[in-house]
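Architecture and fold: a report
Each chain is listed here by its residues.
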Amino acid sequence: MSEIRVLVTGGSRGIGRAIALRFAKEGAKVVVAARNSEQLDAVVQEINAAGGQGHAAQMNVQDHGSVEAAVWRATEFTGGPLDVIVNNAGIFAQAALEDQDIAEWDRMIAINLTGPFWVMSEAIHALEEGEKKHVFNISSIAGKQGFPKNAAYSASKYGLRGFSDALREELRDKGIRVTTVYPTATDTTIFDGVPGDWDRSTMLKPEDVAEAVWQAYASPESEDVADVDVAPAG
Ligand SMILES: NC(=O)c1ccc[n+]([C@@H]2O[C@H](COP(=O)([O-])OP(=O)(O)OC[C@H]3O[C@@H](n4cnc5c(N)ncnc54)[C@H](OP(=O)(O)O)[C@@H]3O)[C@@H](O)[C@H]2O)c1
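Residues numbered from 1 in each chain as written. Predicted model: local features only at pLDDT ≥ 70, side-chain atom pairs only at ≥ 80, totals over all residues.

**Quick word on the overall build of the protein chain**
Scanning the protein chain for helices and strands turns up 6 helices and 7 strands. For the protein chain, the sequential pattern of α-helices and β-strands runs β-α-β-α-β-α-β-α-β-α-β-α-β. For the protein chain, whose C-alpha radius of gyration is 17 Å, the value lies close to the compact-globule estimate of 17 Å for 234 residues. A principal-axis box enclosing the C-alpha atoms of the protein chain has dimensions of 50 × 40 × 35 Å. Across the 234 residues of the protein chain, 43% fall into the buried class. Taking all contacts inside the protein chain whose residues are at least 6 apart in sequence as the whole, residues at least 24 apart take part in 69%. (Helix = DSSP H or I, 4+ residues; strand = E, 2+ residues; numbered from the N terminus. Rg over C-alpha atoms; globule rule 2.2 N^0.38 Å. Buried ≥ 20, exposed ≤ 12 C-beta atoms within 10 Å, placed from the backbone. Contact = placed C-beta atoms within 7 Å.)

Encoded structure:
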């Protein structure tokens with residue numbers, strides 16, 4: 001197979017950046033997409049230094065037109081096909097039910113759930129043209145288990161799980177594998193400014209999630225890697 005062609009949403013920092021760099025280590029062509037273009041440019045340099053070929057596509061997953069344009073730029077860079085799509089862009093916030101702001105609820109669903117739908121809608125044809133084809137949807141432990149003050153986040157991540165399960169069945173005949181990834185707490189900027197006693201020292205590192213994604217991708221195509229749980233060892 002020629003180099004792997006990858007699109008990582010939210011690839012500018014945290015888990016998405018680590019996934020982009022993990023594929024770069026394998027010599028992949030990696031398009032990173034997010035809103036902040038300075039952070040994207042920095043990751044592109046890291047991708048190139050790690051042995052891959054990087055490309056930045058500014059994109060807001062909340063905006064269909066922005067996703068359409070970013071996917072078009074991504075396919076320009078890859079020459080048309082995509083082999084891997086990582087739906088990783090996401091936000092996190094907490095609120096008790098009585099304090100839940102409807103605009104914040106809508107924003108959570110728009111970014112964490114409707115965003116992957118826009119990306120898949122726009123990128124499906126490029127993916128169909130790929131070789132070893134695989135979609136990764138980065139859900140969360142909160143997509144399997146409820147936590148207090150997490151209703152909006154959990155609803156978005158359980159929703160992503162459902163989206164992912166349905167796509168797996170729909171895309172299997174096209175030779176496209178779909179994996180849902182469920183990391184536990186991971187030390188990234190997602191916790192910045194979120195009130196709480198977060199002990200970052202016990203959290204996963206973004207590289208742990210990236211390695212789990214790579215291992216699932218590297219597994220034989222005949223293997224159905226539906227769900228990948230990522231949790232600290234022991
Ligand atoms: N960290 C954890 O504990 C944890 C655990 C389980 C699952 N996850 C999931 O893993 C994913 C990555 O999280 P992270 O911890 O790496 O967070 P992070 O460090 O805050 O990174 C989030 C990424 O998503 C991008 N993003 C946010 N809103 C966006 C939008 N509207 N359009 C496009 N890109 C957007 C950000 O870039 P811009 O802000 O520049 O757009 C950034 O690249 C999320 O889906 C999260 O829910 C995280």
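**Concerning the site of the ligand**
Near the ligand, the surroundings consist of 29 residues, among which Gly10, Gly14, Arg35, Gly90 and Thr188 are the closest. When residues of the shell around the ligand are assigned to their parent elements, the largest contribution, 3 residues, is made by helix H1 (residues 14–24). (Near = placed C-beta within 6 Å.)

**Here we look at the pairing of strand S3 (residues 53–58)**
One ladder, built from 6 bridges, connects strand S2 (residues 29–34) with S3; its direction is parallel. The residue of S3 that forms the bridge with Ala33 is Ala57. The parallel pair S2 and S3 is bridged by helix H2 (residues 37–50), and the resulting crossover is right-handed. (Pairing = 2+ DSSP bridges. Right-handed = clockwise from strand over helix to strand, strands pointing away.)

**Comments concerning the packing of H1 against H2**
With their axes 8 Å apart at the nearest point, H1 and H2 run at an angle of 25° to one another. When the interaxial angle is binned, H1 and H2 end up roughly parallel. Of the two possible hands of crossing, H1 and H2 adopt the one that is right-handed. Here Arg17, Ala20, Leu21 and Ala24 of H1 come into contact with H2, specifically with Val43, Glu46, Ile47 and Ala50. For the contact of H1 with H2, the residue count by class is 6 nonpolar, no polar and 2 charged. (Axes fitted to C-alpha atoms, helices over the stretch in contact; angles between N-to-C directions. Parallel < 35°, antiparallel > 145°, perpendicular 65-115°, else oblique. Left-handed = near helix turned anticlockwise from the far one by under 90°. Nonpolar A, V, L, I, M, F, W, Y, C, P; charged D, E, K, R; others polar.)

**Notes on helix H4 (residues 102–128)**
Over its 27 residues, H4 extends 37 Å from the first C-alpha to the last, a length consistent with the 39 Å expected when each residue adds 1.5 Å. Its maximal kink placed at Glu122, H4 deviates by approximately 45°. Listed in full, the buried residues belonging to H4 are Met108, Asn112, Leu113, Gly115, Pro116, Trp118, Val119, Met120, Ala123, Ala126 and Leu127. The secondary structure elements touched by the buried residues of H4 are strand S1 (5–9), helix H3 (64–78), strand S4 (84–87), strand S5 (133–138), helix H5 (151–171) and strand S6 (176–183). (Expected span 1.5 Å × (residues − 1). Bend = angle between axes of the 7 residues up to and from the residue.)

Structural measurements only, silent on function.
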